[in-house]
Each structure stands twice: as C-alpha cells, then as structure tokens.
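Letter by letter, the chains look like this.
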Amino acid sequence: MLAIEADALRRTYTSRTGWPKSRRTETDAVRGVTFEVAPGELFGLLGPNGAGKTTTIKMLNTLLLPTSGTARVFGHDVARDPVAVRRRIGYVFGGDRGLYDRLSALDNLRYFAELYGVGARDQKRRIAELLDLVGLTGREKERVEGYSRGMRQRLHIARGLLHRPDVLFLDEPSIGVDPVAARDLRRTVADLAAAGTTVLLTTHYMAEADELCDRIAVIAGGRIRALGTPDSLKSLVKERDVLEVEAYGVDEERLDRLRRVPGVRGVSAEDRGALQIVTVQTGRGAAELHGPVLAALDGVRIGRVTSREPSLEDAYIAIVEEAAGGTPQEVVPA
Amino acid sequence: MSTSPLVKRVPRLVLVGVRTHVSYMSRSPLEITFAVLVPLVYATLAVYLFRAAGDPDRLLTASVGAGLMGIWGSVLFGSGGAVQNQRWLGTLETLVVAPTPLALVLLPITLATTVIGTYAMGATVLWGVLLFDVPLDFAHPLLFLVAVPVCVLALGMMGLLLAATFVLLRNANALANPLDTPVWLLSGLLVPVTVLPAWTHPVSWALPTTWGARAVHAATSGGDVVAPLLAAVALGAGYALAAVLVLGRVERRARAAATLALT
C-alpha cells in the first residue's frame, strides 16, 4: 500500500472584499497535483513562495479540504476519514509559532502527548527519548519563550513524533535556522527516514533537498513541473553551463537585457549584502558568452566571474523559470 | 506506541488540558492584570449603584453579582480569546490535526477560562468585605459553595458553544465584544430579569447563566436554590451537547473555508 496518493488535487481559495456589495475573488493555489509516495520514502516538494507547497501539505494532513481531486494516506481518504489519517501522521512546520511559549518544553510535550493519545504509562519514556533525539535533554524545564529558533524547531519535531507517526509532513522545517542547527535537523530527518518513517518535506534549500530526498517534485503555479530523483532533475540541465558573476547594483532592466542575450537560457540574482550573485545559465560553451554577458551588465561594478557545472539549484531555477514563462517542464521519470 | 481508547483517556485528557491552559493563561502579566482588576471595578461600581439606589441591605448581592459578571467576562473573552490566541500562536492547526475530537480539545480550554474566572467571585466578595464592610450573611452558605461551581460549569458549557463558532471566525474577538453586556444583563447577573421588558424573558430563560445566577443569588439572599441550579445544569448540558454536535460540522467548514490559520 502506498503511503501517500494525491490524485488531481485542486484547491481554490475564495475571499470576499467590500461592503455592502461584496466582491468575490477566487485564487487557484493548487491546480491538479498528482503524485505518489512509497512507504519509507523521503519525498521533497520544492517550489517558490506561493507555489502551492503548503496548501498541498495541508490538504494531505487534513487541515484543508480539497476543492476537487482525492488524496489518501495509507489508504485513508483525507476528506472523508480525517481521524484515521491523523492517527498516522505527524505535522511539523517551520518558524516560531505553533508552541505554547510561556510553558516549558516538557509541559508542551505532555499536553500534546495526551492529545495524540500516547498512553499514560508510555509518555515519560517517549518524551525522554524524543528530548534525547532532538538534543533538548537538560533544557526541557525551561520556558519555550527563551529558546532559540533552532531549539524551537527541534521541539516541533519532537512534538510531531510523539505518537510515532508512519508519515511525517515537514513544511519548511529549516526556515530561519542557523547552518549548524540545519545540519542537525537534516541528520534527524535522514535517521527518521532510515528507520522507516515516510517523510514529505517542503523546502527552499536545494542542498537540503539534494542531500535528503529520494525523489523531488518541483511545484510552481500550483502545478507539478517536474518529478524525479535529484540526479534525474539535474540531468535536465546537463546540456548547460553556468556562469556566476559577482556584481554590485544589478537592476531588473539589466537582468532582462541578460535574458535577451542569444544563448542565455536562464538568469537569476541572489543578494548577499551589497554583493549580488548573478547566475546565468547558457548552452554548452559558456566561455564564449563571457563577453556578451558582461556587456549586458555594462555600467555595474563586476567582481569575480566563474563558470561551473549545473547543480540541482540550477535545474530548479530552469524548471521554475520555464513554468513562469508558461512552458510546462516535462516530467522526468524517476 | 500504545494508544489508549478515547473514553478511558478523557478524564486525564481534560485534567492535563485544564492544567496546561490555566498555567498558560496565568503566566501573562497583561491577562493577570485584567483578570485581577476588572472584577474589582465591577464590584466597586455595583456597590455604589446599590447604595445610590437606596438598597444598602443588598450589598452582598451586588458583590456576588459583580463576581458573576467577572466569571462571564472571563468565559466569554476566554473562549473567544482562547480560540483566537491558539490561531495567533499557530497552535490551532496542531490541535486540529491531533486525532482527538475537537470538542475534547476545546473543553479543557473553556474549563480553564472558568477556573480563572472563579477567582472573580472570591475577589469581589472579599473586596466588598474589606472596602465597603459588606456583611457576609449568606442565606445558604453551603449551597452558595455548591451553586458557584455549578454556575461556573454552566457558563463554561455556554463558552464551549461559543468557542465552537469562534473556530469559524478569523476575528472571533469582534463577536465576543458585543455579547458581553447583553448576556449579563439578560441573565440577571446584577439586576433581576423581572425588571427587564417581558419580551426579553424567553431569551433569558434560554441562557444557562440566568438559572446559574438565580441559584447563586438565592443562596446569597434567600429563596429556592436547588431548582434553578438543576435548570442551569440541564441547560448547560444541552449547550454542551449542541457544541459537540455542531463542532463536527464547524471543523469541516473551517477546513473548507481555510479559517484554522491566520493566513
């Protein structure tokens, strides 16, 4: 039996504005998402902000009803049989919220252990196990409001695992977490998957997805644009080279000029303080495009220029940019 | 992991839930300040009103009435505020996604607000004694000690029904505010419902707060305590049943309307 089955899932949000004549606005957050996750698999859902990742997770974990389509968790329909689904899943989301911060970690875990039906006799042992797993032993009696973001995130994971769920939904768990805490988090997630827990992870961090996921679905504009193993996704851009240009003060106009350079297949810019890293994807033979690329950036201060092999991040950017341009990416077989 | 059957674990679930939420609510300096001060303001106003009305013999009734108003305020804003607070904290989703029926998740929150509210009764009576020399001449002191917790429980059940509706509303506080004064007025918490227009009486009779207040006032100044107390229990149970029945639908509607989260 499959751990997760999503079949043509759609979700439309309706909002009303204005009074007394209200205007109804409909937003299609998810537009027909289909995928399957096998038991014990670590499945990644990657996509830009507003792509539909969280909405998809919330439909699968019973917090939202699908507008149409069906989804099952270990055979239980998420819309018709939510309690059976809830018994088998854990839900962890990123950020500061979702905990009683004026209470201790122990009080939080005790309360949620009751809500998740963990037997009174098992609670003490299970909570101690989890505190140990997430490295909070010794700090469990402190109020959560004094915890760092990383500690809160680890407590979230402990909460989500109290009832030993078969499926764990992790919605951007490493958001705002420092690199060391993020590495520990990745190790915990990998250990869980190795122990047989099915994990559905959404993240913005490509390295995280590349390191952890057995398969990845890239979602953009509410649709799955590509689905496959990290290697198969990378192979989408294997015919490309990547130029990385350090620059200062690149504006949208210059980025557009870059996109129009013949041979350029994709452009993105990332701010790192005053510095910007402009990533230019080209066809094979990036060296020949050095000149035209630098000409398009005329007028801004340029630092180091390097060319490299494409990474998963480049594949992701290519997929998302093509989606934004209206060309659906071909789904890659796993 | 061994999970216990729901029926067997309900008492412990409620106990742990009430303890958790009472601890949580009692650790907010702002909430404590309001919880401490508001009943004392009510008590002061009530005593002066009764004195001005030439009713100095009923000052204990005024103090007790102010205490009931304090309890109602705590339940109303506690239940509405609690659901809204869970939403702000981001815990409403983690509560809903737990495999425990939503009614059993909300019941301890509502009961916790009544526990906090019970303080109001003690505070207003003590305030009256210390500041205004209100004599503690209860007509039925023992029945008073029974009537107050039963009344509090009846109010709690009303709070549960309110909490059920507040799950659906992103701005639940907006609904809580206009319900404050009309309910304590219609329930006769401070002044008897008999002084209100006749057309309001059916509404008063339908509120468990009316019967709970009648029982508490009877225990204070004389009259039948048991009958209104039983009526409060019966109505409270009815409200609780209604809450359980509507919560299943409310949860489904909240999942359809996406109101469990703030965004």
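Everything quoted here is computed from the prediction, not taken from an experiment.

Participant: Tell me about the overall build of chain B, and name the residues and values.
Facilitator: A tally of helices and strands in chain B yields ten helices and zero strands. Reading the helices (α) and strands (β) of chain B from amino to carboxyl end gives α-α-α-α-α-α-α-α-α-α. A compact globule built from 263 residues should have a C-alpha radius of gyration of about 18 Å, and chain B, at 19 Å, falls within 12% of that. Across its three principal directions, the C-alpha atoms of chain B cover 60 × 35 × 35 Å. In chain B, which comprises 263 residues, the share counted as buried stands at 50%. Within chain B, counting contacts between residues at least 6 apart in sequence, those at least 24 apart form 81% of the total.

Participant: So, the overall build of chain A: which residues are in play, and what are the values?
Facilitator: Each helix and strand counted, chain A has eleven helices and 14 strands in total. Considering only C-alpha atoms, chain A reaches an extent of 70 × 50 × 45 Å along its principal axes. When contacts within chain A are restricted to residue pairs at least 6 apart in sequence, those whose partners lie at least 24 apart make up 72%.

Participant: Explain the interface of chain A and chain B to me, and be specific about the residues and the numbers.
Facilitator: Opposite the 29 residues of chain A that make contact, chain B presents 30 residues. For the side of chain A that touches chain B, the secondary structure elements donating two or more residues are helix 2 (82–88), helix 3 (105–115) and helix 4 (120–133) of chain A. Here the element with the most residues in the side of chain A that touches chain B is helix 3 of chain A; it accounts for five residues. Grouping the amino acids of the side of chain A that touches chain B by side-chain chemistry returns 13 nonpolar, six polar and ten charged.

Participant: Break down the confidence of the model for chain A for me, citing the residues and quoting the values.
Facilitator: Summarising the model, chain A shows a mean pLDDT of 88, and 97% of its residues fall at 70 or more. In the model, residues 326–334 of chain A has pLDDT below 50 throughout and makes 21 contacts with residues more than four positions away in sequence or in other chains.

Participant: Outline the sheet that holds strand 1 (residues 4–17) of chain A, supporting the account with residue identities and numerical values.
Facilitator: Residues and elements named next belong to chain A. Taken together, the four strands give an open sheet; going across it, the order is 2-1-4-5, and neighbouring strands pair in antiparallel fashion. Unpaired on one side and paired on the other, strand 2 (23–37) and strand 5 (76–77) mark the two borders of the sheet. Two elements, strand 4 (residues 68–73) and strand 5, share two bridges in a ladder whose sense is antiparallel. When the bridges of strand 5 are listed, V73 appears paired with H76.

Participant: Would you mind going over the sheet that holds strand 11 (residues 240–248) of chain A in detail, with residue names and values included?
Facilitator: Residue and element names in this part refer to chain A. One open sheet accounts for four strands, arranged 12-13-11-14; its pairing is antiparallel. Since the sheet does not close on itself, it has two edges, and those belong to strand 12 (264–272) and strand 14 (301–308), each with one partner. Strand-to-strand twist of the sheet, defined as the mean angle between neighbouring strand axes without regard to direction, takes the value 20°. In this structure, strand 11 lies alongside strand 13 (residues 275–283), joined through eight bridges in antiparallel fashion. For V245, the partnering residue across the bridge sits in strand 13 and is V278. This element, helix 9 (residues 252–259), spans strand 12 and strand 13 of the sheet and lies at about 155° to strand 12. Set on the sheet, helix 11 (residues 312–324) makes contact with strand 11, strand 12 and strand 13; between it and strand 12 the angle comes to about 115°.

Participant: Before we move on, could you go through the environment of A158 of chain A and cite the residues and values that matter?
Facilitator: Residues and elements named next belong to chain A. Take A158: it is sitting in helix 5 (residues 149–161). Sequence spacing of A158 and A324 is 166 residues, and the spatial spacing of their C-alpha atoms is 37 Å. Residues contacting A158, with those up to four places away along its chain left out, are L109, L130, L131, L133, V134 and L136.

Participant: Which residues make up the pairing of strand 12 of chain A, and what values go with them?
Facilitator: Residue and element names in this part refer to chain A. By the bridge criterion, eight bridges tie strand 12 to strand 13 in an arrangement that is antiparallel. Looking at the pairing, E270 lines up with I277 of strand 13. Connecting strand 12 to the antiparallel partner strand 13 that follows it, the hairpin turn spans two residues, and G273 within it adopts a positive phi of roughly 70°.

Participant: Quick one: what's the story with unusual backbone geometry, residue by residue and with numbers?
Facilitator: All names here are of chain A. Backbone geometry places A8, a non-glycine residue, at a positive phi of 50°. With respect to the secondary-structure elements, A8 resides in strand 1. Non-glycine residue F74 carries a positive phi angle of around 45°. Along the chain, F74 falls in the loop between strand 4 and strand 5. We classify F74 as partly exposed; it has 18 C-beta atoms within 10 Å.

Cut-offs used in this document
- Residues numbered from 1 in each chain as written.
- Chains lettered and ligands numbered in written order.
- Predicted model: local features only at pLDDT ≥ 70, side-chain atom pairs only at ≥ 80, totals over all residues.
- Helix = DSSP H or I, 4+ residues; strand = E, 2+ residues; numbered from the N terminus.
- Rg over C-alpha atoms; globule rule 2.2 N^0.38 Å.
- Buried ≥ 20, exposed ≤ 12 C-beta atoms within 10 Å, placed from the backbone.
- Contact = placed C-beta atoms within 7 Å.
- Nonpolar A, V, L, I, M, F, W, Y, C, P; charged D, E, K, R; others polar.
- pLDDT = per-residue confidence, 0-100.
- Pairing = 2+ DSSP bridges.
- Axes fitted to C-alpha atoms, helices over the stretch in contact; angles between N-to-C directions.

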